[in-house]
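# Examining the three-dimensional arrangement
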Amino acid sequence: TPFDNTPKTDTTWGDPFAGFVGNVNGTYFGDGYGAYYPVIVNEVSKYRTAESHVGWDLPSMLKEVKAGNPAIIWSCLICNGPRYWNTTGGKQIYAYEYYHMLTVVGYTGNPDNHTTITLNDSVYGRQLTWSKNQFLSKWSTMNNTAVVVK
């Protein structure tokens, strides 16, 4: 995984679209943050086919899950934000404190009429079940972004 080791200041930090920002074992917005979809799709594509989607609709994503293709999503757990910083190149980065990557692995109902979404949380070693509204609210914070692994 590429890393962006740009030192953090009050207004400047690394680019999570280009590499993992901060310390992998660090704390959110302390000395660690994470990476966004281009980094993940590039890494996953070394092993499997992967597609990124931004501004995606939930039924289309669930149709992929139904076909056996898990979807890695960007969401927030506590949803403090948004926050912004600039890269050293002047690009503004949009972020949420306690954003989190989760893997959508199932749902109840059908892709067009579902009530809950099942997610794997590999960081905390747990499986979550969110209502459709809870999922959409948290997923929308990061612009309905997903990487589908095929």
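Heads up: the structure comes first, above all this text.
The paragraphs below set out a description of the structure included in this document. (Residues numbered from 1 in each chain as written. Predicted model: local features only at pLDDT ≥ 70, side-chain atom pairs only at ≥ 80, totals over all residues. Heavy atoms only, no water.)

We now examine the overall build of the protein chain. When its secondary structure is counted, the protein chain shows three helices and nine strands. Order of helices (α) and strands (β) in the protein chain, N terminus to C terminus: β-β-β-α-β-α-β-β-β-β-α-β. Taken against the 2.2 N^0.38 rule, which gives 15 Å for 150 residues, the C-alpha radius of gyration of the protein chain at 15 Å falls within 12% of a compact globule. Taken along its principal axes, the extent of the C-alpha atoms in the protein chain is 45 × 35 × 25 Å. Here the protein chain holds 150 residues, and 45% of them are scored as buried. (Helix = DSSP H or I, 4+ residues; strand = E, 2+ residues; numbered from the N terminus. Rg over C-alpha atoms; globule rule 2.2 N^0.38 Å. Buried < 20%, exposed > 50% of the residue type's maximum accessible area, 1.4 Å probe, protein only.)

Next up on the list: the state of the cysteines. If you walk through the whole model with that rule in mind, you get one disulfide. Here C76 is linked by a disulfide to C79, with a sulfur-sulfur distance of 1.8 Å. Judged by the sign of its S-S torsion, about 75°, the bond between C76 and C79 is right-handed. The exposure class assigned to C79 is partly exposed, which follows from its relative accessible area of 26%. (Disulfide = S-S within 2.5 Å.)

The pairing of strand β5 (residues 71–86) with strand β6 (residues 92–110) spans eleven bridges and is classified as antiparallel. Directly across from W85, in β6, lies its bridge partner I93. Adjacent in sequence and paired antiparallel, β5 and β6 are bridged by five residues, among which G90 carries a positive phi angle near 95°. Two strands pair when backbone bridges link them, and β6 and strand β7 (residues 113–121) are joined in this way by seven bridges, in the antiparallel orientation. Within β7, the position partnered with T103 by the bridge is N120. What sits between the antiparallel neighbours β6 and β7 is a turn of two residues. (Pairing = 2+ DSSP bridges.)

Turning our attention to the sheet that holds strand β3 (residues 32–34). Strand order across the open sheet formed by three strands is β1-β2-β3, with mixed pairing between neighbours. Unpaired on one side and paired on the other, β1 (3–4) and β3 mark the two borders of the sheet. Looking at chain direction, strand β2 (residues 20–22) and β3 are connected through two bridges and run antiparallel. Of the residues in β3, the one forming a bridge with G22 is G32.

Bringing helix α1 (residues 37–44) into the picture now. Counting buried positions over the eight residues of α1 gives six, a clear majority of the element. When we look at burial in α1, the residues that qualify are P38, V39, I40, V41, E43 and V44. Where α1 is buried, its residues touch β4 (50–53), β5, β6 and β9 (146–149). (Contact = heavy atoms within 4.5 Å.)

We now examine the pattern of salt bridges. Overall, the coordinates contain seven salt bridges when judged by the stated rule. Residue D15 pairs with K91 through a salt bridge whose shortest N-O separation is 3.3 Å. Pair noted here: D15 is in the loop between β1 and β2 and K91 is in the loop between β5 and β6, with a separation of 76 residues, a long-range link. Classification of D15 by relative accessible area gives buried; the value is 12%. For E51, the salt bridge goes to K150, with nearest N and O atoms at 3.4 Å. Of this pair, E51 sits in strand β4 while K150 sits in the segment after β9, and the two are 99 residues apart along the sequence. Among the residues examined, E51 registers a relative accessible area of 28% and is labelled partly exposed. For K150, a relative accessible area of 33% gives the class partly exposed. Salt bridges here are not isolated pairs; linked through shared partners, they connect E51, E64 and K150. (Salt bridge = Lys/Arg side-chain N within 4 Å of Asp/Glu carboxyl O.)

Interpretation in functional terms is not warranted from these geometric data alone.
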